[in-house]
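Each chain, written out:
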Amino acid sequence: MISDPRPLSPHLQIYRWQLTSVLSILHRMSGVALAVGAILLVSWLGAAADGPEPFAKMQWFLGSPGGLILLFGWSVALFYHTCNGIRHLCWDTGRGLELKNVYASGWTVIAATAALTIVAWVVGLNRWGL
Amino acid sequence: MATRMRSQMRSPLGRVLGLGSAKEGVEHWWRQRVTALALVPLVLWFVIAVIGLIGADRAAMVAWVRSPISSMLLVLLIVATFYHAALGLQVVIEDYIHGEAVRLSALIVMRLLCVVFVVRGILAVLKLALGA
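A short tour of the structure in this document, coming up.

## Quick look at the overall build of chain B
In step 1: When helices and strands are counted, chain B shows 6 helices and 0 strands.
In step 2: Mapped from its N terminus to its C terminus, chain B presents α and β elements in the order α-α-α-α-α-α.
In step 3: Compactness check: chain B gives a C-alpha radius of gyration of 21 Å against a globular reference of 14 Å for 132 residues, more than 25% above the reference.
In step 4: Along the first, second and third principal axes, the C-alpha atoms of chain B reach 75 × 30 × 25 Å.
In step 5: In chain B, buried positions account for 17% of the 132 residues.
In step 6: Taking all contacts inside chain B whose residues are at least 6 apart in sequence as the whole, residues at least 24 apart take part in 69%.

Here it is, written out as structure tokens:
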């Protein structure tokens, strides 16, 4: 069989990881996770509206190890998707599209996500009395 | 010749709309951006408010929802969140689900679920805000 001489783009599995593509797929994954988090938000409000007992159950769940892990994942996804979303909105205006700037804004998004998550949880756990 | 044929085959309405075979233009893109813009301040407000509520009992939480600003912003947050989520999940479903029937079913179920959760959220806020 004569192989096609035209160049073939590499398969995803053997493509070298790079910041741009990793942040791109993380934006989509965090978006899907946030859709699940939005259900949690509505359930929390719904439990409060349903009465003291459902609300107590919900608060117990959110304070349990599983609930805290869920809340932590939700907060990371929320901060990341918000920061990277602002990055996308900047691109939409035609700004920051040079490769150098794309990498700089990518690292900025990672740093901002980490900073916001740490601040939120340090303040939050302090208020909770831990 | 081919180009002329094509332009003649298009109806005057089709030419004015200028949408081509995709049947739609930039609405999805714009709605995603506008809801994203709205969500930036709403999300920041919500995170700060929730951190402020940590350790509070139900009475304090209800009092917070009852304040006119909170109840209004909560309803806006719920609507913008699920609108934005429906637009985003639509693209994810269209990208990864290839069977026509399964894809269409997934899109319909996803949209309906978003509506269900919006209604659940708004009713909860209204019930708390109007005091039941």
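## Quick notes on the overall build of chain A
In step 1: Along its length, chain A carries 4 helices and 0 strands.
In step 2: Secondary structure elements of chain A, listed N to C terminal, follow the sequence α-α-α-α.
In step 3: Relative to the globule expectation of 14 Å for 130 residues, the C-alpha radius of gyration of chain A, 20 Å, shows a markedly less compact shape.
In step 4: Along the first, second and third principal axes, the C-alpha atoms of chain A reach 70 × 40 × 30 Å.
In step 5: Taking all 130 residues of chain A together, the buried fraction comes to 22%.

## Things to note about the packing of helix α1 (residues 19-50) of chain A against helix α2 (residues 52-63) of chain A
All names here are of chain A.
In step 1: In contact at an axis separation of 5 Å, α1 and α2 are set at 145° when each is read in the N-to-C sense. Between α1 and α2 lies a crossing of left-handed hand. Across the interface between the two elements, Ser-43, Trp-44, Ala-47, Ala-48 and Asp-50 of α1 pack against Pro-54, Phe-55 and Met-58 of α2.

## Concerning the nonpolar core
In step 1: The biggest cluster of nonpolar side chains holds 31 residues, and the ones touching the most others in it are A:Ala38, A:Leu45, A:Ala48, B:Phe82 and B:Ala85.
In step 2: If you list the elements that add at least two residues to this core, you get α1, α2 and α3 (65-92) of chain A together with α5 (68-96) and α6 (100-129) of chain B.
In step 3: For this core, the element with the most residues is α1(A), which contributes 9 residues.
In step 4: Here B:Ala85 is in contact with A:Ala35, A:Ala38 and B:Cys114, once residues within four sequence places are set aside.

## Some thoughts on the interface of chain B and chain A
In step 1: At the interface, 26 residues of chain B touch 25 residues of chain A.
In step 2: For the side of chain B that touches chain A, the secondary structure elements donating two or more residues are α3 (27-53), α4 (58-66), α5 and α6 of chain B.
In step 3: For the side of chain B that touches chain A, the per-class residue count stands at 18 nonpolar, 4 polar and 4 charged.

## Remarks on α6(B)
An α-helical turn contains 3.6 residues, so a residue and the one three or four places further along point in the same direction.
In step 1: Its 30 residues give α6(B) an end-to-end C-alpha distance of 43 Å, which sits within 8% of 44 Å, the value for a rise of 1.5 Å per residue.
In step 2: Of the residues trailing α6(B), B:Gly131 is marked for its positive phi of about 75°.

## Some points on the environment of A:Trp74
Residues and elements named next belong to chain A.
In step 1: Tracing the backbone shows Trp-74 in helix α3.
In step 2: Accessibility expressed as a C-beta count within 10 Å gives 18 for Trp-74, which makes it partly exposed.
In step 3: Taking C-alpha positions, Trp-74 is 9.5 Å from Leu-40, a pair spaced 34 residues apart along the chain.
In step 4: Setting aside its immediate chain neighbours within four residues, Trp-74 contacts Gly-37 and Leu-40.

## A few points about the environment of A:Lys57
In step 1: Mapped onto the fold, A:Lys57 is located in helix α2.
In step 2: Spatially, the C-alpha atom of A:Lys57 lies 8.4 Å from that of A:Ala47, the residues being 10 residues apart in sequence.

## Quick look at the packing of α1(A) against α6(B)
In step 1: Interhelical geometry of α1(A) versus α6(B) gives an angle of 35° and a closest axis separation of 8 Å. By crossing handedness, the relation of α1(A) to α6(B) is classed as left-handed. Residue-level contacts link A:Ala38, A:Ile39, A:Val42, A:Leu45, A:Gly46, A:Ala48 and A:Ala49 of α1(A) to B:Phe117, B:Arg120, B:Gly121, B:Ala124, B:Val125, B:Lys127 and B:Leu128 of α6(B).
In step 2: Considered class by class, the residues forming the contact of α1(A) with α6(B) number 10 nonpolar, 2 polar and 2 charged.

Cut-offs applied
Residues numbered from 1 in each chain as written. Chains lettered and ligands numbered in written order. Predicted model: local features only at pLDDT ≥ 70, side-chain atom pairs only at ≥ 80, totals over all residues. Helix = DSSP H or I, 4+ residues; strand = E, 2+ residues; numbered from the N terminus. Rg over C-alpha atoms; globule rule 2.2 N^0.38 Å. Buried ≥ 20, exposed ≤ 12 C-beta atoms within 10 Å, placed from the backbone. Contact = placed C-beta atoms within 7 Å. Axes fitted to C-alpha atoms, helices over the stretch in contact; angles between N-to-C directions. Left-handed = near helix turned anticlockwise from the far one by under 90°. Core = buried A, V, L, I, M, F, W, Y, C linked by C-beta atoms within 7 Å. Nonpolar A, V, L, I, M, F, W, Y, C, P; charged D, E, K, R; others polar. Expected span 1.5 Å × (residues − 1).

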